[in-house]
Amino acid sequence: METFIYNGLATRVLFGSGTSRRLKAEIERAGCKRALVLGTAAQLKTITDLAEELGSLAAGVFAGAAMHTPVQVTEEALIYFRDSGADCTVALGGGSSTGLGKALALRTDAMQFVLPTTYAGSEMTPILGETENGVKTTQRGPRIQPEVTIYDVDLTLTLPPQLSATSGVNAIAHAVEALYAEDRNPVMSLMAEQAIAMLGRALPVIVKTPLDKDARANALQGAWLAGMCLGSVGMALHHKLCHVLGGTFDLPHAEAHTIVLPHALAYNAAAAPEAARIVARALNVSGDGATALFDLNRSIAAPRALRELGMPEAGIDKAADLAVRNPYWNPRPLQRDLIRDLIARAWAGDPPQTN
Ligand code: NAD
(Lines give C-alpha, C1' and ligand atoms only; values in the text may rest on other atoms or scores of the structure.)
Protein backbone atom coordinates (compact mmCIF):
# COMPACT_ATOMS: atom_id res chain seq x y z
CA MET A 1 0.00 0.00 0.00
CA GLU A 2 1.19 3.47 -0.85
CA THR A 3 0.89 6.34 1.61
CA PHE A 4 0.80 9.83 0.13
CA ILE A 5 -0.35 13.43 0.37
CA TYR A 6 -1.82 15.20 -2.65
CA ASN A 7 -2.06 19.00 -2.82
CA GLY A 8 -4.15 20.38 -5.70
CA LEU A 9 -3.17 23.58 -7.50
CA ALA A 10 -5.76 26.36 -7.50
CA THR A 11 -5.65 27.50 -11.12
CA ARG A 12 -8.20 28.05 -13.87
CA VAL A 13 -7.13 26.72 -17.28
CA LEU A 14 -8.57 27.38 -20.73
CA PHE A 15 -7.13 25.25 -23.53
CA GLY A 16 -7.70 25.29 -27.26
CA SER A 17 -7.15 27.10 -30.53
CA GLY A 18 -8.03 30.80 -30.66
CA THR A 19 -8.58 30.83 -26.88
CA SER A 20 -6.58 34.05 -26.45
CA ARG A 21 -9.67 35.85 -27.77
CA ARG A 22 -11.33 34.89 -24.48
CA LEU A 23 -8.83 36.89 -22.41
CA LYS A 24 -11.02 39.99 -22.25
CA ALA A 25 -13.97 37.99 -20.91
CA GLU A 26 -11.69 36.27 -18.38
CA ILE A 27 -10.40 39.61 -17.07
CA GLU A 28 -13.97 40.90 -16.74
CA ARG A 29 -15.10 37.64 -15.12
CA ALA A 30 -12.40 38.13 -12.45
CA GLY A 31 -13.59 41.69 -11.81
CA CYS A 32 -10.32 43.30 -12.91
CA LYS A 33 -10.33 46.63 -14.73
CA ARG A 34 -6.85 47.37 -16.09
CA ALA A 35 -4.26 44.87 -17.27
CA LEU A 36 -0.58 45.55 -17.81
CA VAL A 37 0.51 43.31 -20.70
CA LEU A 38 3.99 41.80 -20.23
CA GLY A 39 6.41 40.08 -22.56
CA THR A 40 9.90 40.08 -24.06
CA ALA A 41 11.20 42.57 -26.61
CA ALA A 42 11.23 39.75 -29.17
CA GLN A 43 7.46 39.31 -28.79
CA LEU A 44 6.63 43.04 -28.74
CA LYS A 45 4.31 42.87 -31.75
CA THR A 46 2.29 39.96 -30.33
CA ILE A 47 1.82 41.63 -26.94
CA THR A 48 0.97 44.98 -28.55
CA ASP A 49 -1.70 43.27 -30.68
CA LEU A 50 -3.04 41.57 -27.57
CA ALA A 51 -3.21 44.90 -25.70
CA GLU A 52 -5.10 46.42 -28.65
CA GLU A 53 -7.65 43.61 -28.50
CA LEU A 54 -8.20 44.40 -24.82
CA GLY A 55 -9.11 48.01 -25.64
CA SER A 56 -9.89 50.02 -22.50
CA LEU A 57 -8.99 47.03 -20.30
CA ALA A 58 -5.31 47.45 -21.27
CA ALA A 59 -3.24 49.65 -18.95
CA GLY A 60 -0.19 49.43 -21.23
CA VAL A 61 2.55 47.19 -22.50
CA PHE A 62 5.89 46.36 -20.84
CA ALA A 63 8.21 44.41 -23.15
CA GLY A 64 11.30 44.12 -20.92
CA ALA A 65 10.91 40.56 -19.56
CA ALA A 66 14.23 38.69 -19.47
CA MET A 67 15.56 35.23 -18.62
CA HIS A 68 15.97 34.47 -14.87
CA THR A 69 13.77 37.44 -13.84
CA PRO A 70 16.31 40.17 -13.02
CA VAL A 71 15.12 42.23 -10.02
CA GLN A 72 16.15 45.42 -11.80
CA VAL A 73 13.67 44.71 -14.61
CA THR A 74 10.94 43.92 -12.08
CA GLU A 75 11.54 47.26 -10.35
CA GLU A 76 11.17 49.12 -13.65
CA ALA A 77 7.99 47.20 -14.43
CA LEU A 78 6.66 47.89 -10.94
CA ILE A 79 6.90 51.65 -11.50
CA TYR A 80 5.11 51.20 -14.82
CA PHE A 81 2.46 49.00 -13.16
CA ARG A 82 1.73 51.60 -10.46
CA ASP A 83 1.85 54.65 -12.77
CA SER A 84 -0.53 53.04 -15.25
CA GLY A 85 -3.13 52.24 -12.59
CA ALA A 86 -3.05 48.54 -13.45
CA ASP A 87 -4.79 46.05 -11.17
CA CYS A 88 -3.71 42.82 -12.92
CA THR A 89 -1.09 41.50 -15.34
CA VAL A 90 -1.26 39.55 -18.56
CA ALA A 91 1.99 37.70 -19.31
CA LEU A 92 2.36 36.39 -22.85
CA GLY A 93 5.43 34.32 -23.64
CA GLY A 94 7.66 31.70 -22.07
CA GLY A 95 9.04 31.38 -18.56
CA SER A 96 10.68 34.81 -18.78
CA SER A 97 7.38 36.65 -19.31
CA THR A 98 5.58 34.51 -16.74
CA GLY A 99 8.42 35.13 -14.26
CA LEU A 100 7.97 38.88 -14.54
CA GLY A 101 4.22 38.55 -13.90
CA LYS A 102 4.96 36.43 -10.83
CA ALA A 103 7.54 38.91 -9.54
CA LEU A 104 4.99 41.74 -9.85
CA ALA A 105 2.29 39.65 -8.16
CA LEU A 106 4.65 38.90 -5.29
CA ARG A 107 5.05 42.65 -4.70
CA THR A 108 1.48 43.82 -5.43
CA ASP A 109 -0.77 40.72 -5.10
CA ALA A 110 -2.05 41.56 -8.59
CA MET A 111 -4.06 38.86 -10.31
CA GLN A 112 -2.15 37.09 -13.07
CA PHE A 113 -3.40 35.95 -16.47
CA VAL A 114 -0.82 33.94 -18.43
CA LEU A 115 -0.75 32.99 -22.11
CA PRO A 116 2.15 30.55 -22.46
CA THR A 117 3.96 30.36 -25.80
CA THR A 118 6.68 27.84 -24.83
CA TYR A 119 6.56 24.53 -22.95
CA ALA A 120 8.45 25.73 -19.82
CA GLY A 121 5.46 25.19 -17.49
CA SER A 122 6.09 28.12 -15.13
CA GLU A 123 2.42 29.15 -15.34
CA MET A 124 1.46 26.05 -13.30
CA THR A 125 3.82 26.67 -10.40
CA PRO A 126 3.95 28.78 -7.22
CA ILE A 127 7.73 29.07 -7.80
CA LEU A 128 9.73 32.18 -8.69
CA GLY A 129 13.46 32.38 -9.35
CA GLU A 130 14.83 35.94 -9.31
CA THR A 131 18.33 37.18 -10.11
CA GLU A 132 20.12 40.04 -8.38
CA ASN A 133 23.84 40.82 -8.67
CA GLY A 134 24.38 37.53 -10.46
CA VAL A 135 22.77 35.44 -7.70
CA LYS A 136 19.55 33.52 -8.36
CA THR A 137 17.25 32.88 -5.44
CA THR A 138 14.12 30.77 -5.64
CA GLN A 139 11.02 31.02 -3.49
CA ARG A 140 7.51 29.55 -3.38
CA GLY A 141 4.28 31.13 -2.24
CA PRO A 142 0.56 31.38 -2.97
CA ARG A 143 0.84 34.94 -4.37
CA ILE A 144 3.26 33.65 -7.00
CA GLN A 145 0.87 31.06 -8.50
CA PRO A 146 -0.91 32.54 -11.56
CA GLU A 147 -4.69 32.44 -11.20
CA VAL A 148 -5.71 32.01 -14.85
CA THR A 149 -3.83 30.34 -17.71
CA ILE A 150 -5.05 30.51 -21.28
CA TYR A 151 -3.33 27.96 -23.50
CA ASP A 152 -3.81 28.99 -27.11
CA VAL A 153 -2.14 26.51 -29.45
CA ASP A 154 -2.03 29.18 -32.18
CA LEU A 155 0.45 31.23 -30.11
CA THR A 156 2.93 28.34 -30.10
CA LEU A 157 3.08 27.87 -33.88
CA THR A 158 5.82 30.51 -34.20
CA LEU A 159 8.10 28.92 -31.60
CA PRO A 160 11.15 27.97 -33.72
CA PRO A 161 11.70 24.18 -34.12
CA GLN A 162 14.94 24.08 -32.12
CA LEU A 163 13.45 26.09 -29.25
CA SER A 164 10.37 23.88 -29.39
CA ALA A 165 12.56 20.79 -29.06
CA THR A 166 14.54 21.98 -26.05
CA SER A 167 11.58 23.66 -24.39
CA GLY A 168 9.66 20.39 -24.80
CA VAL A 169 12.43 18.34 -23.19
CA ASN A 170 12.59 20.93 -20.40
CA ALA A 171 8.94 20.05 -19.75
CA ILE A 172 9.67 16.30 -19.91
CA ALA A 173 12.30 16.88 -17.21
CA HIS A 174 9.63 18.13 -14.78
CA ALA A 175 7.62 14.97 -15.40
CA VAL A 176 10.59 12.61 -15.09
CA GLU A 177 11.59 14.01 -11.70
CA ALA A 178 7.96 13.92 -10.52
CA LEU A 179 8.05 10.14 -10.98
CA TYR A 180 10.74 9.73 -8.30
CA ALA A 181 9.97 12.81 -6.19
CA GLU A 182 10.12 12.39 -2.43
CA ASP A 183 6.47 13.52 -2.24
CA ARG A 184 5.29 11.74 -5.41
CA ASN A 185 1.71 10.56 -5.52
CA PRO A 186 -0.41 8.48 -7.91
CA VAL A 187 -2.20 11.52 -9.41
CA MET A 188 1.01 13.33 -10.33
CA SER A 189 2.60 10.11 -11.58
CA LEU A 190 -0.31 9.60 -13.99
CA MET A 191 0.07 13.15 -15.22
CA ALA A 192 3.83 12.72 -15.53
CA GLU A 193 3.59 9.60 -17.67
CA GLN A 194 0.98 11.19 -19.91
CA ALA A 195 3.10 14.37 -20.22
CA ILE A 196 6.17 12.37 -21.30
CA ALA A 197 4.11 10.35 -23.79
CA MET A 198 2.43 13.40 -25.35
CA LEU A 199 5.64 15.41 -25.66
CA GLY A 200 7.66 12.38 -26.77
CA ARG A 201 5.27 11.81 -29.68
CA ALA A 202 4.77 15.46 -30.58
CA LEU A 203 8.32 16.87 -30.56
CA PRO A 204 9.74 14.82 -33.48
CA VAL A 205 6.73 15.90 -35.57
CA ILE A 206 7.09 19.57 -34.58
CA VAL A 207 10.77 19.81 -35.53
CA LYS A 208 9.87 18.55 -39.02
CA THR A 209 6.53 20.35 -39.44
CA PRO A 210 6.34 23.24 -36.95
CA LEU A 211 2.87 24.25 -38.15
CA ASP A 212 1.31 20.84 -37.42
CA LYS A 213 -1.47 21.98 -35.12
CA ASP A 214 -2.30 18.54 -33.70
CA ALA A 215 1.32 17.97 -32.69
CA ARG A 216 1.47 21.50 -31.24
CA ALA A 217 -1.71 20.83 -29.25
CA ASN A 218 -0.31 17.57 -27.89
CA ALA A 219 2.96 19.24 -26.92
CA LEU A 220 1.18 22.11 -25.21
CA GLN A 221 -1.13 19.78 -23.31
CA GLY A 222 1.90 17.69 -22.30
CA ALA A 223 3.61 20.89 -21.15
CA TRP A 224 0.57 21.79 -19.06
CA LEU A 225 0.67 18.40 -17.32
CA ALA A 226 4.44 18.65 -16.85
CA GLY A 227 4.03 22.14 -15.37
CA MET A 228 1.52 20.68 -12.90
CA CYS A 229 4.16 18.12 -11.90
CA LEU A 230 6.73 20.87 -11.31
CA GLY A 231 4.25 22.91 -9.28
CA SER A 232 2.98 20.02 -7.18
CA VAL A 233 5.91 17.83 -6.13
CA GLY A 234 9.56 18.40 -5.29
CA MET A 235 12.33 18.11 -7.86
CA ALA A 236 15.74 16.47 -7.34
CA LEU A 237 19.22 15.99 -8.87
CA HIS A 238 18.33 16.99 -12.42
CA HIS A 239 16.82 20.37 -11.56
CA LYS A 240 19.56 21.06 -9.02
CA LEU A 241 22.27 20.32 -11.59
CA CYS A 242 20.64 22.53 -14.21
CA HIS A 243 20.29 25.33 -11.66
CA VAL A 244 24.00 25.06 -10.86
CA LEU A 245 25.09 24.81 -14.50
CA GLY A 246 22.81 27.63 -15.67
CA GLY A 247 23.78 29.94 -12.83
CA THR A 248 27.52 29.25 -12.84
CA PHE A 249 28.21 29.19 -16.58
CA ASP A 250 25.27 31.25 -17.82
CA LEU A 251 24.03 28.36 -19.97
CA PRO A 252 20.68 28.66 -21.74
CA HIS A 253 17.95 27.16 -19.56
CA ALA A 254 16.08 24.73 -21.82
CA GLU A 255 19.19 23.53 -23.67
CA ALA A 256 20.99 22.69 -20.41
CA HIS A 257 17.92 20.71 -19.24
CA THR A 258 17.81 18.83 -22.53
CA ILE A 259 21.43 17.71 -22.36
CA VAL A 260 21.49 16.77 -18.67
CA LEU A 261 18.18 14.87 -18.41
CA PRO A 262 19.24 11.43 -19.80
CA HIS A 263 22.30 11.48 -17.54
CA ALA A 264 20.35 12.47 -14.43
CA LEU A 265 17.83 9.67 -15.01
CA ALA A 266 20.65 7.19 -15.61
CA TYR A 267 22.17 8.20 -12.26
CA ASN A 268 18.88 7.80 -10.42
CA ALA A 269 17.55 4.72 -12.23
CA ALA A 270 19.17 2.22 -9.87
CA ALA A 271 17.38 3.81 -6.92
CA ALA A 272 14.16 4.54 -8.83
CA PRO A 273 13.73 1.63 -11.27
CA GLU A 274 9.95 2.05 -11.51
CA ALA A 275 10.35 5.69 -12.62
CA ALA A 276 12.87 4.67 -15.30
CA ARG A 277 10.52 1.91 -16.47
CA ILE A 278 7.61 4.36 -16.75
CA VAL A 279 9.75 6.79 -18.79
CA ALA A 280 10.62 4.00 -21.25
CA ARG A 281 6.97 2.92 -21.44
CA ALA A 282 5.83 6.51 -22.06
CA LEU A 283 8.36 6.84 -24.85
CA ASN A 284 7.22 3.49 -26.25
CA VAL A 285 10.58 1.71 -26.09
CA SER A 286 11.50 -1.61 -24.53
CA GLY A 287 14.98 -0.47 -23.41
CA ASP A 288 15.91 1.76 -20.49
CA GLY A 289 14.43 5.22 -19.91
CA ALA A 290 17.71 7.14 -19.93
CA THR A 291 18.75 5.79 -23.33
CA ALA A 292 15.22 6.44 -24.61
CA LEU A 293 15.59 10.12 -23.60
CA PHE A 294 19.02 10.32 -25.21
CA ASP A 295 17.59 8.84 -28.43
CA LEU A 296 14.66 11.26 -28.33
CA ASN A 297 17.14 14.16 -28.13
CA ARG A 298 18.96 12.74 -31.15
CA SER A 299 15.73 12.39 -33.11
CA ILE A 300 14.87 16.05 -32.56
CA ALA A 301 18.42 17.25 -33.32
CA ALA A 302 18.75 18.77 -29.84
CA PRO A 303 22.18 19.80 -28.56
CA ARG A 304 23.94 16.86 -26.93
CA ALA A 305 26.98 18.32 -25.18
CA LEU A 306 27.35 21.06 -22.57
CA ARG A 307 30.56 22.09 -24.33
CA GLU A 308 28.42 23.06 -27.35
CA LEU A 309 26.74 25.59 -25.05
CA GLY A 310 30.09 27.12 -24.10
CA MET A 311 30.72 25.46 -20.74
CA PRO A 312 34.48 25.24 -20.12
CA GLU A 313 35.96 21.80 -19.40
CA ALA A 314 37.53 23.20 -16.24
CA GLY A 315 33.98 23.87 -15.01
CA ILE A 316 33.20 20.16 -14.60
CA ASP A 317 34.84 19.93 -11.17
CA LYS A 318 33.38 23.22 -10.02
CA ALA A 319 29.88 22.09 -11.02
CA ALA A 320 30.35 18.75 -9.24
CA ASP A 321 31.43 20.56 -6.05
CA LEU A 322 28.45 22.92 -6.18
CA ALA A 323 25.98 20.13 -6.98
CA VAL A 324 26.81 18.24 -3.78
CA ARG A 325 27.54 21.23 -1.53
CA ASN A 326 24.07 21.77 -0.07
CA PRO A 327 22.31 18.51 0.68
CA TYR A 328 18.88 18.01 -0.92
CA TRP A 329 16.61 15.06 -1.40
CA ASN A 330 17.42 12.66 -4.24
CA PRO A 331 16.38 9.01 -4.65
CA ARG A 332 20.05 7.99 -4.88
CA PRO A 333 22.56 9.49 -2.45
CA LEU A 334 24.84 12.05 -4.07
CA GLN A 335 28.38 10.78 -4.60
CA ARG A 336 30.72 13.49 -5.74
CA ASP A 337 32.89 11.28 -8.00
CA LEU A 338 29.84 9.80 -9.74
CA ILE A 339 28.23 13.23 -10.14
CA ARG A 340 31.49 14.42 -11.67
CA ASP A 341 31.37 11.51 -14.15
CA LEU A 342 27.77 12.39 -14.99
CA ILE A 343 28.67 16.03 -15.71
CA ALA A 344 31.75 14.99 -17.70
CA ARG A 345 29.60 12.75 -19.93
CA ALA A 346 27.05 15.51 -20.43
CA TRP A 347 29.86 17.96 -21.20
CA ALA A 348 31.35 15.66 -23.85
CA GLY A 349 28.02 14.56 -25.36
CA ASP A 350 28.53 10.88 -24.48
CA PRO A 351 25.53 8.55 -24.00
CA PRO A 352 24.27 8.14 -20.42
CA GLN A 353 25.92 5.56 -18.14
CA THR A 354 23.12 3.03 -17.79
CA ASN A 355 24.51 0.25 -15.63
P1 NAD B 1 11.90 32.40 -22.57
O2 NAD B 1 10.62 32.77 -21.94
O3 NAD B 1 13.12 33.16 -22.16
O4 NAD B 1 11.73 32.46 -24.15
C5 NAD B 1 12.85 32.26 -25.00
C6 NAD B 1 12.75 33.17 -26.23
O7 NAD B 1 11.75 32.66 -27.09
C8 NAD B 1 12.35 34.60 -25.90
O9 NAD B 1 13.07 35.48 -26.71
C10 NAD B 1 10.88 34.64 -26.27
O11 NAD B 1 10.44 35.91 -26.63
C12 NAD B 1 10.85 33.68 -27.44
N13 NAD B 1 9.56 33.04 -27.64
C14 NAD B 1 8.78 32.48 -26.69
N15 NAD B 1 7.68 31.95 -27.25
C16 NAD B 1 7.76 32.19 -28.57
C17 NAD B 1 6.91 31.88 -29.67
N18 NAD B 1 5.79 31.16 -29.52
N19 NAD B 1 7.27 32.30 -30.89
C20 NAD B 1 8.44 32.97 -31.08
N21 NAD B 1 9.29 33.28 -30.08
C22 NAD B 1 8.95 32.89 -28.83
O23 NAD B 1 12.25 30.84 -22.37
P24 NAD B 1 11.58 29.67 -21.50
O25 NAD B 1 12.47 28.50 -21.69
O26 NAD B 1 10.14 29.54 -21.78
O27 NAD B 1 11.71 30.20 -20.00
C28 NAD B 1 12.93 30.19 -19.32
C29 NAD B 1 12.82 30.96 -18.04
O30 NAD B 1 11.71 30.48 -17.30
C31 NAD B 1 14.03 30.80 -17.14
O32 NAD B 1 14.28 32.02 -16.50
C33 NAD B 1 13.57 29.75 -16.14
O34 NAD B 1 14.28 29.82 -14.93
C35 NAD B 1 12.13 30.10 -15.99
N36 NAD B 1 11.27 28.97 -15.57
C37 NAD B 1 10.64 29.09 -14.38
C38 NAD B 1 9.81 28.09 -13.93
C39 NAD B 1 9.10 28.24 -12.62
O40 NAD B 1 8.27 27.42 -12.26
N41 NAD B 1 9.38 29.27 -11.86
C42 NAD B 1 9.58 26.95 -14.72
C43 NAD B 1 10.23 26.85 -15.95
C44 NAD B 1 11.07 27.88 -16.37
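Residues numbered from 1 in each chain as written. Predicted model: local features only at pLDDT ≥ 70, side-chain atom pairs only at ≥ 80, totals over all residues. Heavy atoms only, no water.

What follows concerns the pattern of salt bridges. One pass over the full model with this rule turns up 11 salt bridges. Across the pair Asp49 and Lys45 runs a salt bridge, and its minimum N-O distance is 2.7 Å. Of this pair, Asp49 and Lys45 are both found in helix H2 (residues 44-54), four residues apart, which corresponds to roughly one turn of the helix. Taking the relative accessible area as the measure of exposure, Asp49 reaches 32% and is therefore partly exposed. (Salt bridge = Lys/Arg side-chain N within 4 Å of Asp/Glu carboxyl O. Helix = DSSP H or I, 4+ residues; strand = E, 2+ residues; numbered from the N terminus. Buried < 20%, exposed > 50% of the residue type's maximum accessible area, 1.4 Å probe, protein only.)

What follows is about the nonpolar core. Counting 55 residues, the largest nonpolar core has Tyr119, Ile172, Val176 and Ile196 as the members making the most contacts within it. Within the residue set of this core, elements represented by two or more residues are helix H6 (161-179), helix H7 (186-208), helix H8 (213-232), helix H10 (253-269), helix H11 (273-282) and helix H12 (289-299). Both domain 1 (12-156) and domain 2 (161-348) contribute no fewer than three residues apiece to this core. Those residues within four positions of Tyr119 in sequence are excluded, and the remaining contacts are Thr156, Leu159, Ser164, Ser167, Gly168, Ala171, Leu203, Ile206, Arg216, Ala219, Leu220 and Ala223. Counting 23 residues, the second-largest nonpolar core is a separate cluster that includes Leu251, Val260, Leu306 and Leu342. (Core = buried A, V, L, I, M, F, W, Y, C linked by side-chain atoms within 4.5 Å. Domains from an automatic or database assignment. Contact = heavy atoms within 4.5 Å.)

Taking 1.5 Å per residue as the helical rise, H10 with its 17 residues ought to reach 24 Å, and the 24 Å between its terminal C-alpha atoms agrees with that figure. With 14 of 17 residues buried, H10 lies mostly within the body of the structure. (Expected span 1.5 Å × (residues − 1).)

Surrounding the ligand, one finds 22 residues, the nearest of these being Thr40, Ser96, Thr117, Thr118 and Thr125. Interatomic distance of 2.6 Å between a side-chain N/O atom of Thr40 and an oxygen atom of the ligand. With respect to the ligand, the side chain of Thr158 contributes an N or O atom lying 2.8 Å from a nitrogen atom. The fraction of the free accessible surface of the ligand (860 Å²) that becomes covered by protein chains is 85%. In terms of residue count, helix H4 (residues 95-108) provides more of the shell around the ligand than any other element does, three residues in total. When the residues that make up the shell around the ligand are grouped by side-chain class, the tally is eight nonpolar, 12 polar and two charged. Each of domain 1 (12-156) and domain 2 (161-348) accounts for three or more of the residues forming the shell around the ligand. (Near = heavy atom within 4 Å. Polar contact = N/O pair within 3.5 Å; in protein donor to acceptor, adjacent residues only side chain to side chain. Areas by Shrake-Rupley, 256 points an atom, 1.4 Å probe, with all protein chains shown as cover. Nonpolar A, V, L, I, M, F, W, Y, C, P; charged D, E, K, R; others polar.)

On to the domain arrangement of the protein chain. Under the domain assignment, the protein chain is made up of domain 1 (12-156) and domain 2 (161-348). Here the C-alpha centre of domain 2 lies 26 Å away from the C-alpha centre of domain 1. Counting residues at the interface gives 21 residues for domain 1 and 22 residues for domain 2. Summed over both sides, the interface between domain 1 and domain 2 buries roughly 1,800 Å², with carbon and sulfur atoms accounting for 66% of that surface. Across the contact surface, domain 1 and domain 2 share one salt bridge. In this structure, the salt-bridge partner of Lys213 is Asp154, at a minimum N-O distance of 3.2 Å. For the side of domain 1 that touches domain 2, the class distribution of residues is 10 nonpolar, seven polar and four charged. (Buried area = accessible area lost by both parts, 1.4 Å probe.)

Right, let's talk about the packing of aromatic side chains for a bit. What the rule picks out here adds up to two aromatic pairs. Aromatic side chains Phe15 and Tyr151 sit 5.9 Å apart centroid to centroid with 45 degrees between the ring planes, which places their arrangement in the tilted category. With Phe15 in strand E1 (residues 12-16) and Tyr151 in strand E8 (residues 148-152), this pair connects stretches of sequence that are 136 residues apart. The buried category is assigned to Tyr151, whose relative accessible area is 0%. Between the aromatic rings of Phe62 and Tyr80, the centroid separation amounts to 6.1 Å while the plane-to-plane angle is 55 degrees, which identifies the pairing as tilted. Linking Phe62 in strand E3 (residues 58-62) with Tyr80 in helix H3 (residues 71-83), this pair joins segments that are 18 residues apart in sequence. The exposure class assigned to Tyr80 is partly exposed, which follows from its relative accessible area of 38%. Positioned above the aromatic ring of Trp347 is the side chain of Arg307, whose terminal nitrogen or guanidinium carbon lies 5.4 Å from the ring centre. Its guanidinium or amino end placed over the ring of Tyr267, Arg332 lies 4.4 Å from that ring's centre, counting from NZ or CZ. (Phe/Tyr/Trp six-rings, centres within 6.5 Å; stacked < 30°, edge-to-face > 60°. Lys NZ or Arg CZ within 6 Å of the ring centre and 35° of its normal.)

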